[in-house]
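# Structural features, examined
Listed below, chain by chain, are the residues.
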Amino acid sequence: MPLGQSVYFHRALRRFGVEHQFVVYPREGHSIQDRGHQLDLLGRTRAWFDRWLAG
């Protein structure tokens with residue numbers, strides 16, 4: 001999703017009070033190439049699973 005569309009989506013979620021995180025990785029496109037950004041994304045994804053799907 002292009003950044004502009006992501007910003008609009010973020011604004012809509014915020015407007016309706018939807019809990020979310022909006023993260024923009026500099027110099028990245030649709031796929032995340034930078035190792036540090038990949039690790040950050042994996043950490044955020046794991047935290048989401050731990051919070052919402054932990055049994």
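In what follows, the accompanying structure is described. Model, not experiment: these values are computed from the prediction.

### Examining a nonpolar patch on the surface
A cluster of nonpolar side chains, W48, F49, W52 and L53, forms an exposed patch at the surface whose accessible area comes to about 470 Å². In this structure, W48 sits in helix α2 (residues 35–53).

### Topic: the environment of A54
Relative to the helices and strands, A54 resides in the segment after α2. The class for A54 is exposed, based on a relative accessible area of 58%. Residues A54 and V18, spaced 36 residues apart in sequence, show a C-alpha to C-alpha distance of 21 Å.

Calculation criteria
- Residues numbered from 1 in each chain as written.
- Predicted model: local features only at pLDDT ≥ 70, side-chain atom pairs only at ≥ 80, totals over all residues.
- Heavy atoms only, no water.
- Patch = residues over 30% accessible without salt bridge, like charges linked within 9 Å, V, L, I, M, F, W, Y side chains within 5 Å.
- Areas by Shrake-Rupley, 256 points an atom, 1.4 Å probe, with all protein chains shown as cover.
- Salt bridge = Lys/Arg side-chain N within 4 Å of Asp/Glu carboxyl O.
- Helix = DSSP H or I, 4+ residues; strand = E, 2+ residues; numbered from the N terminus.
- Buried < 20%, exposed > 50% of the residue type's maximum accessible area, 1.4 Å probe, protein only.

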